[in-house]
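# Reading the structure
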Number of protein chains: 2
Amino acid sequence: MAEYRFDEHELHGQLVIQARKMSDNSTHLKNLIADESRLASFSVNGGGLFFDYSRQRMDKAGMQLLFELAEASGARNRFARMAAGEKVNITENRAVLHMAARSFADVPIMLDGRDARAELMAVLDKIRTFTNAVHSGEVNGSDGQKFKHVVVVGIGGSYLGTEFVARALEAFADRDIQLDFLANVDIHNFGAIWTRIDPQRTLWIIISKSYTTAETMANEDLIRRYMIDCGLDPAKHIVTVTSKGSPGDQGGGREIAAFHMFDFIGGRYSVTSAVGGVPLSLYLGYDRFERFLKGAEMMDRHAINAPAEQNLPLIAALLTVWNTSFLGYPQGAIIPYASPLSKLAPHVQQLNMESNGKSVDATGRFLAEPAGTVIFGEPGTNAQHSFFQLAHQGKPFPVEFIGVLNPQYRMDEGCCKGVGHQQELWANLLAQATALAMGRENDDPAKYFSGNRPSSILVIEDLEPESVGRLLAFYEAKTVYEAFIWGINPFDQFGVELGKVTAGTLRKAMAVHNDNPADNFSGLDPINRRYLQMLSSGKLID
Amino acid sequence: MAEYRFDEHELHGQLVIQARKMSDNSTHLKNLIADESRLASFSVNGGGLFFDYSRQRMDKAGMQLLFELAEASGARNRFARMAAGEKVNITENRAVLHMAARSFADVPIMLDGRDARAELMAVLDKIRTFTNAVHSGEVNGSDGQKFKHVVVVGIGGSYLGTEFVARALEAFADRDIQLDFLANVDIHNFGAIWTRIDPQRTLWIIISKSYTTAETMANEDLIRRYMIDCGLDPAKHIVTVTSKGSPGDQGGGREIAAFHMFDFIGGRYSVTSAVGGVPLSLYLGYDRFERFLKGAEMMDRHAINAPAEQNLPLIAALLTVWNTSFLGYPQGAIIPYASPLSKLAPHVQQLNMESNGKSVDATGRFLAEPAGTVIFGEPGTNAQHSFFQLAHQGKPFPVEFIGVLNPQYRMDEGCCKGVGHQQELWANLLAQATALAMGRENDDPAKYFSGNRPSSILVIEDLEPESVGRLLAFYEAKTVYEAFIWGINPFDQFGVELGKVTAGTLRKAMAVHNDNPADNFSGLDPINRRYLQMLSSGKLID
């Protein structure tokens with residue numbers, strides 16, 4: 001069987017032709033959605049979610065081609081092999097087992113002779129025990145009182161997913177624990193947190209797989225020094241989440257406990273591992289974290305087992321590839337109509353852009369066009385008052401709306417001309433999707449709406465832990481399916497290397513100057529030399 | 001003089017040719033920036049900021065064309081006329097006088113027979129008096145104790161700019177006042193705030209020009225009812241920021257005071273008016289708000305008076321037009337290397353996208369391509385761990401880096417291999433800009449960096465109120481200059497109308513059903529009918 005290459009496959013050419021068809025007026029969304037059967041034909045229910053793609057610029061012939069492309073790419077096959085432990089992260093020769101972290105069926109997932117699932121479940125067990133000990137007060141701060149403040153110290157994938165889930169499930173935070181995030185090396189981040197907490201009753205979770213992440217190590221150093229200054233023993237206030245045997249897993253009384261991460265789960269896919277597990281269990285209770293995992297597991301099963309035409313993340317992935325590579329949309333927005341989901345877009349921004357922002361496919365050759373797309377978003381209705389002017393009348397971009405059917409607080413008392421708050425949210429969500437698609441004629445060009453602007457609506461049942469788990473797993477699976485269809489490896493991130501190396505050069509030059517102020521950065525290129533001189537003088541370049 | 005039309009002007013064609021020149025390998029950024037004089041020739045200092053555009057894909061010939069385009073568009077002339085009170089918001093026949101709100105020179109700005117500047121100064125006076133009365137305790141909550149919590153109730157431009165400034169100046173919040181924002185109609189937003197505050201000691205600032213904004217009115221209604229339930233008199237806990245004579249400015253004891261907004265300042269340009277003035281003065285002290293205004297005023301003078309080749313916001317605007325319309329970049333990122341500036345990108349996202357996301361120019365005709373660009377961003381170094389993989393190896397997008405020379409907390413103790421926290425931030429900022437521009441060869445395509453990815457660096461001296469004011473005014477002026485070069489009106493926002501109208505239809509249908517559950521939404525289109533049925537059943541569509 002010939003090696004699959006996205007931009008050389010015969011179907012790619014057919015999809016290009018299909019895309020041209022969609023510029024015709026007859027295929028304007030206002031015409032496509034007039035069909036009574038449109039919603040039924042272009043929506044799917046599965047894994048606990050409902051996905052409506054009736055307002056995507058698509059017809060049945062086009063969907064057929066996309067499903068054939070999915071087949072040709074072997075995406076579902078590769079996804080299943082990933083779940084079974086095959087080393088699909090081919091450039092780094094690693095397995096990809098974030099799904100094993102929430103696989104409760106007692107089936108081993110063997111990897112190099114060990115059962116990876118069992119190892120992950122053992123970590124879960126340790127998390128549960130530790131969480132209960134913290135909540136009961138058995139494990140406590142320096143003065144015998146319960147911990148009441150937990151700070152996640154980590155950057156990127158070590159915190160973005162956790163922050164999304166914590167905010168989404170904020171209504172369940174009833175363990176008298178406040179959760180904060182310390183990510184940036186900018187000292188203001190630390191300062192703002194330090195002024196808020198009671199150090200005696202604060203537990204710090206240091207999260208870094210290698211335990212060498214610059215920002216996290218800098219923050220840990222600061223935290224330890226500040227605690228010592230307060231007369232506290234840092235070892236009694238720190239736990240680590242790190243790989244076995246890393247500098248943060250040395251025992252010897254440097255921390256209360258170390259929870260293990262593994263190289264078969266990348267940072268941006270790690271929220272269902274100890275990375276999210278430790279902070280979220282402390283914040284919400286272990287039982288709720290487990291419910292969240294079970295929701296994710298349900299979506300995983302759907303992602304693996306559902307046939308293509310009923311597979312939510314696969315269909316959503318195909319549509320993103322369609323929008324990006326065939327209709328040429330260079331970005332997409334995620335707009336959840338629910339305040340608790342306000343940190344979803346920043347998480348998916350990392351998950352998806354860091355996974356799929358690649359120019360090279362899995363055969364090691366350059367793609368004709370890079371894969372991936374820019375993701376951004378704000379919750380609705382806020383987004384309407386921010387950038388929806390451009391969504392309606394500027395250069396179009398596809399929108400993924402998310403609606404919650406039964407949130408915790410319904411407030412059905414009339415708030416807004418005879419409807420409740422929740423109804424007001426939905427009236428706006430549906431109105432935006434409709435208006436973007438329909439457009440509206442007007443002789444005054446300033447008031448003309450071209451319409452034909454695509455969107456999807458993803459509906460979740462409620463904001464319970466299971467539903468949030470399904471949502472998280474949906475986006476993980478969608479991201480991976482996009483990658484498999486583009487034929488790229490979503491699991492590496494070589495693009496961050498050059499910046500690191502270059503920062504090292506500049507850091508070294510600064511350190512040399514710190515030791516010897518007479519040094520004038522002469523080894524550097526002209527521009528950076530001038531900047532480092534500016535920084536040491538403290539005066540703007542003239 | 002012929003009417004200026006961006007896409008028909010002779011210079012447009014010349015710039016298209018110039019853009020093709022920039023695809024040549026000789027104009028790869030790694031070659032452009034090797035020139036010793038590159039930084040000096042492609043940077044400018046003014047209005048208290050330093051702007052480095054040495055890593056933009058530009059040469060001297062191209063800059064010359066851009067300056068000629070600025071001249072041809074009459075942008076500077078229109079900007080000055082705007083400042084003087086001319087009705088440059090032509091579709092709505094209004095003046096645009098956000099700069100008058102911070103114009104301390106005693107020079108009238110006449111508008112329809114009244115001195116608009118004097119009216120704004122009178123409001124500032126009222127803010128100062130009120131702020132001092134709150135801080136002294138003279139104006140207080142229901143039990144005689146000082147207010148300690150202030151909540152801004154407003155959406156879009158009624159809060160995004162304020163949230164940016166408040167976060168930027170958080171280090172100066174020494175008035176024992178905590179500031180929160182209640183924007184969304186989603187009840188969770190209200191709920192989260194209500195659980196945090198002490199209602200007896202909370203002051204609510206209701207902000208809406210017309211006093212009819214659906215979300216804000218819904219939230220106000222909720223707040224009043226909750227206060228009454230607590231036995232409080234809402235009128236003692238509410239001030240409004242609204243237009244003269246609106247339903248929020250009726251006197252009659254509904255609120256402590258009303259501060260006026262004017263139709264010559266749009267929401268997204270309003271943070272230096274009472275919209276920002278009331279909450280920020282309470283949070284930071286009136287004196288610091290005034291310092292912030294003076295910083296903005298300094299940048300305004302620069303924006304009006306500096307010749308094109310030394311004009312920071314004009315140059316930055318020309319480069320955005322260049323990147324968007326001639327190099328075809330469909331989005332841009334704003335990456336401030338300072339945690340306090342973490343809410344800058346959401347504010348500029350609204351300011352710029354709602355202003356310039358238009359398809360129609362000021363002559364009332366459709367542009368060949370829409371104006372405007374998608375803006376997104378996160379602070380550095382966080383962004384490096386989120387989406388910079390794509391920035392380096394995916395489809396390129398221009399980046400606007402922002403660096404702070406002398407922030408409050410320097411922490412020069414070694415944190416990171418011999419450098420302090422602030423130095424670590426700058427090493428990373430400069431490294432990213434360098435790496436994006438330079439790229440790096442590698443036989444392994446997965447590790448190959450194409451480089452030639454443009455960026456600017458904006459340097460501010462510190463995070464004092466004046467500097468934050470300069471930064472705010474810089475982005476306002478840049479946005480307006482972009483619009484004048486594109487030849488569009490940045491001050492209207494007709495693109496939000498269709499969504500409002502459509503929401504009204506759906507809201508009405510829901511209200512009818514609320515009254516009569518037998519009604520089955522039969523008057524609606526098939527898709528929305530199905531959704532409203534789903535919502536009232538509480539079950540996902542099957």
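In this text, all values refer to a predicted model and were calculated from it rather than measured experimentally. (Residues numbered from 1 in each chain as written. Chains lettered and ligands numbered in written order. Predicted model: local features only at pLDDT ≥ 70, side-chain atom pairs only at ≥ 80, totals over all residues. Heavy atoms only, no water.)

Let's shift gears to the overall build of chain A. A tally of helices and strands in chain A yields 18 helices and 13 strands. For 542 residues, the compact-globule formula gives about 24 Å, and the C-alpha radius of gyration of chain A, at 25 Å, lands near that figure. With the principal axes as the frame, chain A shows a C-alpha extent of 75 × 60 × 55 Å. Considering chain A as a whole, with its 542 residues, one finds that 66% of them fall into the buried category. Within chain A, counting contacts between residues at least 6 apart in sequence, those at least 24 apart form 72% of the total. Carbon and sulfur atoms form 48% of the exposed surface of chain A, whose accessible area is close to 18,000 Å². (Helix = DSSP H or I, 4+ residues; strand = E, 2+ residues; numbered from the N terminus. Rg over C-alpha atoms; globule rule 2.2 N^0.38 Å. Buried < 20%, exposed > 50% of the residue type's maximum accessible area, 1.4 Å probe, protein only. Contact = heavy atoms within 4.5 Å. Areas by Shrake-Rupley, 256 points an atom, 1.4 Å probe, with all protein chains shown as cover.)

Here we come to the domain arrangement of chain A. Domain boundaries assigned for chain A yield domain 1 (6–33 + 40–73 + 308–490), domain 2 (98–292) and domain 3 (495–537). Between the C-alpha centres of domain 2 of chain A and domain 3 of chain A the distance comes to 34 Å. (Domains from an automatic or database assignment.)

So, on to the UniProt feature "active site" (unreviewed entry) in chain A. According to UniProt, the positions carrying the feature "active site" (unreviewed entry) are E354, H385 and K500 of chain A. The largest pairwise C-alpha distance within this set of annotated residues, which runs over 147 residues, is 37.9 Å, so the set is dispersed in three dimensions. Within the element layout of this structure, H385 of chain A appears in the loop between β11 (374–376) and α14 (388–393). Those residues in contact with H385 of chain A that sit more than four places away from it in its chain are I155, G156, G157, T213, E215, Q350 and E354 of chain B. (UniProt positions renumbered as here; feature names shortened; annotations may be inferred.)

This part takes up the packing of helix α7 (residues 160–168) of chain B against helix α13 (residues 344–356) of chain B. Residue and element names in this part refer to chain B. The interhelical angle for the contact between α7 and α13, taken along N-to-C directions, is 155°, at an axis separation of 8 Å. Considering the angle they form, α7 stands roughly antiparallel to α13. Judged by the sense of rotation from one axis to the other, the crossing of α7 with α13 is left-handed. Residues L160, G161 and F164 of α7 form the contact with α13, whose participating residues are L344, P346, H347 and Q350. For the contact of α7 with α13, the residue count by class is 4 nonpolar, 3 polar and no charged. (Axes fitted to C-alpha atoms, helices over the stretch in contact; angles between N-to-C directions. Parallel < 35°, antiparallel > 145°, perpendicular 65-115°, else oblique. Left-handed = near helix turned anticlockwise from the far one by under 90°. Nonpolar A, V, L, I, M, F, W, Y, C, P; charged D, E, K, R; others polar.)

Bringing the relation of the copies chain B and chain A into the picture now. After a rotation of 180° and a shift along the axis of 0.0 Å, chain B superposes on chain A with an RMSD of 0.0 Å. Such a turn and shift between the copies fits a two-fold axis. Same-surface contact between copies: 100% of interface residues of chain B are shared with the interface of chain A. (Least-squares fit on C-alpha atoms with pLDDT ≥ 70 in both.)

The next subject is the sheet that holds strand β6 (residues 178–182) of chain A. Within a beta sheet, neighbouring strands are joined by backbone hydrogen bonds and run either parallel or antiparallel to one another. Residues and elements named next belong to chain A. With parallel pairing, the 5 strands of this open sheet are ordered in space as β6-β5-β7-β8-β9. Each edge of the open sheet carries a strand with a single partner, namely β6 and β9 (257–261). Adjacent strand axes in the sheet meet at a mean angle of 20° when their direction is disregarded. Sheet topology note: the strand β5 (residues 149–153)/β6 ladder contains 5 bridges and is parallel. Directly across from V151, in β6, lies its bridge partner D180. Along the sheet, helix α9 (residues 214–229) contacts β5, β6, β7 (202–207) and β8 (238–243); its crossing angle with β7, the most-contacted strand, is approximately 155°. Across the face of the sheet, helix α10 (residues 274–284) comes into contact with β5, β6, β7, β8 and β9 while running at roughly 165° to β7. (Pairing = 2+ DSSP bridges.)

All names here are of chain A. Mapped onto the fold, N352 is located in helix α13 (residues 344–356). Residue classification places N352 among the buried residues on the basis of a relative accessible area of 2%. Through-space distance from the C-alpha of N352 to that of N489 is 12 Å; in sequence the pair is 137 residues apart. Apart from the residues within four sequence positions on either side, N352 is in contact with G357, T373, I375, T479 and E482. A distance of 3.2 Å separates polar atoms of two side chains, one belonging to N352 and the other to E482. (Polar contact = N/O pair within 3.5 Å; in protein donor to acceptor, adjacent residues only side chain to side chain.)

Interface size is often expressed as the accessible area that is lost when the parts come together. Facing 137 residues of chain B, the contacting portion of chain A comprises 138 residues. Interface area, chain B with chain A, both sides summed: about 11,500 Å², of which 64% is carbon and sulfur. In this structure, E424 of chain A and R507 of chain B form a salt bridge, with 2.8 Å as the shortest nitrogen-oxygen distance. A total of 12 residues in the side of chain B that touches chain A trace back to one element, the largest contributor, which is helix α15 (residues 421–438) of chain B. Tallied by class, the residues present in the side of chain B that touches chain A amount to 65 nonpolar, 46 polar and 26 charged. (Buried area = accessible area lost by both parts, 1.4 Å probe. Salt bridge = Lys/Arg side-chain N within 4 Å of Asp/Glu carboxyl O.)

Our next topic: the packing of aromatic side chains. Inspection of every chain in the model, using the stated rule, returns 50 aromatic pairs over all chains. With a centroid separation of 6.1 Å and 35° between ring planes, the pair formed by Y531 of chain A and W426 of chain B is classed as tilted. Of this pair, Y531 of chain A sits in helix α18 (residues 526–537) while W426 of chain B sits in helix α15, placing the two residues on different chains. Residue class for Y531 of chain A comes out buried when judged on its relative accessible area of 0%. We classify W426 of chain B as buried; its relative accessible area is 3%. The interplanar angle of 45° and the centroid separation of 6.2 Å between the aromatic rings of F51 of chain B and F474 of chain B together place this pair among those described as tilted. (Phe/Tyr/Trp six-rings, centres within 6.5 Å; stacked < 30°, edge-to-face > 60°.)

Residue and element names in this part refer to chain B. One open sheet accounts for 5 strands, arranged β6-β5-β7-β8-β9; its pairing is parallel. Across the chains shown, the open sheet's two edge strands, defined by having one partner strand only, are β6 (178–182) and β9 (257–261). The sheet shows a mean angle of 20° between the axes of neighbouring strands, direction not considered. Bridge count for strand β5 (residues 149–153) against strand β7 (residues 202–207) is 5 bridges, and the pairing is parallel. Bridged to H149 within β7 is T202. Lying over the sheet, helix α6 (residues 116–136) contacts β7, β8 (238–243) and β9, oriented at roughly 150° with respect to β9.

All names here are of chain A. In a regular helix each residue adds 1.5 Å, so 18 residues correspond to 26 Å; helix α15 (residues 421–438) covers 25 Å between its end C-alpha atoms and thus fits that length. Burial analysis of α15 places 17 of its 18 residues in the buried class, which makes it a mostly covered element. Trailing α15 by a residue or two, G439 shows a phi angle of about 70°, which is positive. (Expected span 1.5 Å × (residues − 1).)

Attention now moves to the pattern of salt bridges. In the structure shown here, the tally under the stated rule is 62 salt bridges over all chains. The partner of D361 of chain A in a salt bridge is R5 of chain A, with the nearest N and O atoms 2.9 Å apart. You can see D361 of chain A sitting in the loop between α13 and β11 and its partner R5 of chain A sitting in the segment before α1 (10–21), a full 356 residues away along the chain. We classify R5 of chain A as buried; its relative accessible area is 8%. Put simply, R117 of chain B and D106 of chain B hold a salt bridge, and the shortest N to O gap is 3.3 Å. With R117 of chain B in helix α6 and D106 of chain B in the loop between α5 (75–83) and β3 (110–111), this pair connects stretches of sequence that are 11 residues apart. Relative accessible area serves as the criterion here: at 71%, D106 of chain B is assigned to the exposed category. Connected through shared salt-bridge partners, D174, R175, D287 and R288 of chain A make up one network.

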